[in-house]
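As a plain string of letters, each chain reads:
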Amino acid sequence: MGRVHLSVPHMGGREEGYVREAFASNWLSSVGPQLDAFERAFGERLGRPAVALASGTAAIHLGLRLLGVGPGDEVIVSDFTFVASVNPILYLGATPVFVDSEPGSWMMSPALLEEALAERGRRGRPPRAVVVVHLYGQCADLDPIAALCRAHGVPLLEDAAEALGASYRGRPAGSFGDLAAFSFNGNKIITTTGGGVLASPRADWIDKARYWSTQAREPGPAYHHVEVGYNYRMSNVLAAIGRGQLEVLDERVRQRRAVEARYRAALSDLPGVEFMPEAAYGLHTHWLTCLTLDPARAGATRDEVLAALAAEDIEARPLWKPMHLQPLHAHWPRHGGEVSAGLFARGLCLPSSSSLTLADQHRVIEVVRRTARRAAAPARAPAEAGVAFAGAAAAVAPAG
Ligand SMILES: *Cc1c(COP(=O)(O)O)cnc(C)c1O
């Protein structure tokens with residue numbers, strides 16, 4: 001039996017043909033028809049102009065620079081996220097301000113965002129930008145978040161790296177903010193092996209980002225430079241992969257959702273196990289299937305479940321470690337932090353590839369059930385409750 005990975009690339013079949021086109025044309029670098037076609041297809045899907053870049057992190061970096069973020073500025077950002085949402089704030093010499101999640105969606109709390117904005121408004125020093133992160137395939141609650149940003153005159157950047165294919169009240173993730181960043185890293189819902197997109201309703205901003213992404217080279221044959229640029233452009237070869245991947249995105253969303261639905265059906269009777277809540281306001285892609293484990297009721301800690309899975313050559317991971325718990329970022333200002341800390345302490349992601357076989361998924365389910373089984377027994381065998389409860393108590397005591 002092979003290793004079961006958390007999330008692996010899943011080609012649709014037409015990617016190689018597009019890559020062959022790129023080779024045949026000899027456009028193998030940072031210019032070419034595959035890039036144009038990929039950006040066009042992506043932009044049409046989202047309803048906004050888009051530029052293809054080397055990574056999602058590069059997209060966030062350029063997006064924040066477009067918003068004028070610089071030394072001395074504050075940028076409000078979700079506390080519960082991957083570190084790449086925050087590092088570009090530091091690249092620009094600005095200060096991140098972390099806002100905790102709400103328990104209902106696991107995403108940025110509008111109430112705490114309001115607190116953070118109001119406090120800075122009173123001081124007459126509004127933040128330069130808000131970065132809202134859409135986690136694990138679901139959008140944050142965008143209506144109140146966007147309304148707060150408008151009311152305070154602060155631009156909004158959506159970190160949609162994990163939410164390509166998700167929607168909020170019928171509109172795609174990444175079509176709400178002044179800017180949105182996407183990622184095609186190897187573990188995301190579709191991949192170009194590595195890459196990203198920055199999108200915005202402002203075509204002039206997207207042109208500017210494209211210019212910065214190729215070393216801010218001025219037109220003309222001479223190497224003439226007026227602004228600082230970066231080597232951030234996606235290659236024409238990787239854009240060819242992206243074209244093929246984009247064609248199967250909707251299928252990948254259906255497959256990831258089906259993976260989560262099978263886990264939910266097989267595991268949600270376990271006491272103390274709770275799946276990531278699916279908010280009523282949109283479509284959750286379930287890029288990763290996430291759940292939390294209450295050790296007192298489940299009879300096993302998160303780390304015991306992770307260890308049992310690892311022993312069977314199954315890759316699972318804790319949920320994101322919040323930024324305020326990172327040695328790198330612990331000293332920045334924050335609003336809240338208890339919700340994200342609680343999710344990190346108890347939460348994990350299960351293998352969620354769109355190509356996950358039923359046999360492999362059953363292996364995962366069997367290990368999780370076996371690890372939490374003794375605690376689950378009373379719920380499933382009420383007739384033997386007296387005996388089973390005694391067993392469950394014995395099983396729970398050492399963990400508690
Ligand atoms: C993956 C990810 C990124 C970064 O994307 P890369 O393409 O790996 O640079 C940013 N934010 C979040 C929330 C992510 O999950």
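Residues numbered from 1 in each chain as written. Predicted model: local features only at pLDDT ≥ 70, side-chain atom pairs only at ≥ 80, totals over all residues. Heavy atoms only, no water.

Now for the nonpolar core. The biggest cluster of nonpolar side chains holds 60 residues, and the ones touching the most others in it are Phe-38, Phe-42, Ile-76, Val-130, Tyr-136, Phe-182 and Phe-184. With five residues, helix α6 (residues 142–152) is the single largest residue contributor to this core. Apart from the residues within four sequence positions on either side, Phe-38 is in contact with Ala-52, Phe-184, Val-197, Met-234, Ala-239, Gly-242, Arg-243 and Leu-246. Within the second largest apolar cluster, 32 residues are counted, among which are Val-69, Ala-94, Ala-129 and Val-131. (Core = buried A, V, L, I, M, F, W, Y, C linked by side-chain atoms within 4.5 Å. Buried < 20%, exposed > 50% of the residue type's maximum accessible area, 1.4 Å probe, protein only. Helix = DSSP H or I, 4+ residues; strand = E, 2+ residues; numbered from the N terminus. Contact = heavy atoms within 4.5 Å.)

Turning next to the sheet that holds strand β10 (residues 273–275). Whether parallel or antiparallel, the strands of a sheet pair through hydrogen bonds between backbone atoms. Strands sit in the order β10-β12-β15-β13 across an open sheet of four strands; the sheet is antiparallel. With one partner strand each, in any of the chains shown, β10 and β13 (317–318) form the two edges of the open sheet. Where strand β12 (residues 289–293) meets strand β15 (residues 347–350), four bridges bridge the pair, whose relative direction is antiparallel. Its bridge partner lying in β15, Thr-289 is registered against Leu-350. Docked against the sheet, helix α9 (residues 249–267) engages β10, β12 and β15, running at close to 155° with respect to β10. Each of β12, β13 and β15 is contacted by helix α12 (residues 338–346), which is oriented at about 55° to β15, the strand it contacts most. (Pairing = 2+ DSSP bridges. Axes fitted to C-alpha atoms, helices over the stretch in contact; angles between N-to-C directions.)

We now examine the UniProt feature "active site" (unreviewed entry) in the protein chain. With numbering matched to this structure, UniProt assigns "active site" (unreviewed entry) to Lys-188. Position of Lys-188 relative to the elements: it lies in the loop between β8 (179–183) and β9 (196–199). Those residues within four positions of Lys-188 in sequence are excluded, and the remaining contacts are Ser-7, Ala-161, Glu-162, Ser-183, Arg-256 and Trp-287. (UniProt positions renumbered as here; feature names shortened; annotations may be inferred.)

To continue, consider the site of the ligand. Taken together, 15 residues sit near the ligand, with Thr-57, Asp-159, Glu-162, Ser-183 and Lys-188 positioned nearest. Between the ligand and Gly-56, the relevant distance is 2.8 Å, taken from an oxygen atom to a main-chain nitrogen or oxygen of the residue. Protein burial of the ligand: of its 380 Å² of free accessible surface, 94% is covered by the chains. A per-class count over the shell around the ligand returns four nonpolar, eight polar and three charged. (Near = heavy atom within 4 Å. Polar contact = N/O pair within 3.5 Å; in protein donor to acceptor, adjacent residues only side chain to side chain. Areas by Shrake-Rupley, 256 points an atom, 1.4 Å probe, with all protein chains shown as cover. Nonpolar A, V, L, I, M, F, W, Y, C, P; charged D, E, K, R; others polar.)

Our next topic: α12. Among the residues making up α12, those that are buried are Ser-340, Leu-343 and Phe-344. Buried residues in α12, looked at end-on, bunch into an arc of 100°, giving them a common side. Against the buried residues of α12 lie β12, α11 (302–311), β13 and β15. (Arc of directions from axis to C-beta.)

Under the domain assignment used here, the protein chain contains domain 1 (15–247) and domain 2 (249–395). Relative to domain 2, the C-alpha centre of domain 1 lies at a distance of 29 Å. At the interface, 50 residues of domain 1 touch 39 residues of domain 2. Summed over both sides, the interface of domain 1 with domain 2 buries roughly 3,800 Å², with 64% coming from carbon and sulfur. Counting the contacts that link domain 1 with domain 2 gives one salt bridge. One salt bridge connects Asp-250 with Arg-45, and the closest N-O pair in it is separated by 2.9 Å. Taken together, domain 1 and domain 2 are joined by 28 residue pairs in polar contact (both at pLDDT 80 or more). Of all the elements in the fold, those that place two or more residues in the side of domain 1 that touches domain 2 are β2 (74–78), α4 (87–91), β3 (95–99), α5 (110–122), β6 (167–168) and α8 (236–247). (Domains from an automatic or database assignment. Buried area = accessible area lost by both parts, 1.4 Å probe. Salt bridge = Lys/Arg side-chain N within 4 Å of Asp/Glu carboxyl O.)

Between two packed helices, what matters for the description is the angle formed by their axes and the separation of those axes. For the pair α5 and α6, the least separation of the axes is 10 Å and the interaxial angle reads 10°. Viewed along their axes, α5 and α6 adopt a mutual orientation that is roughly parallel. Counting all contacts with α5, which are made through Pro-110, Leu-113, Glu-114, Leu-117 and Ala-118, the residues of α6 involved are Pro-144, Ile-145, Leu-148, Cys-149 and His-152. A class-by-class count of the residues in the contact of α5 with α6 yields eight nonpolar, one polar and one charged. (Parallel < 35°, antiparallel > 145°, perpendicular 65-115°, else oblique.)

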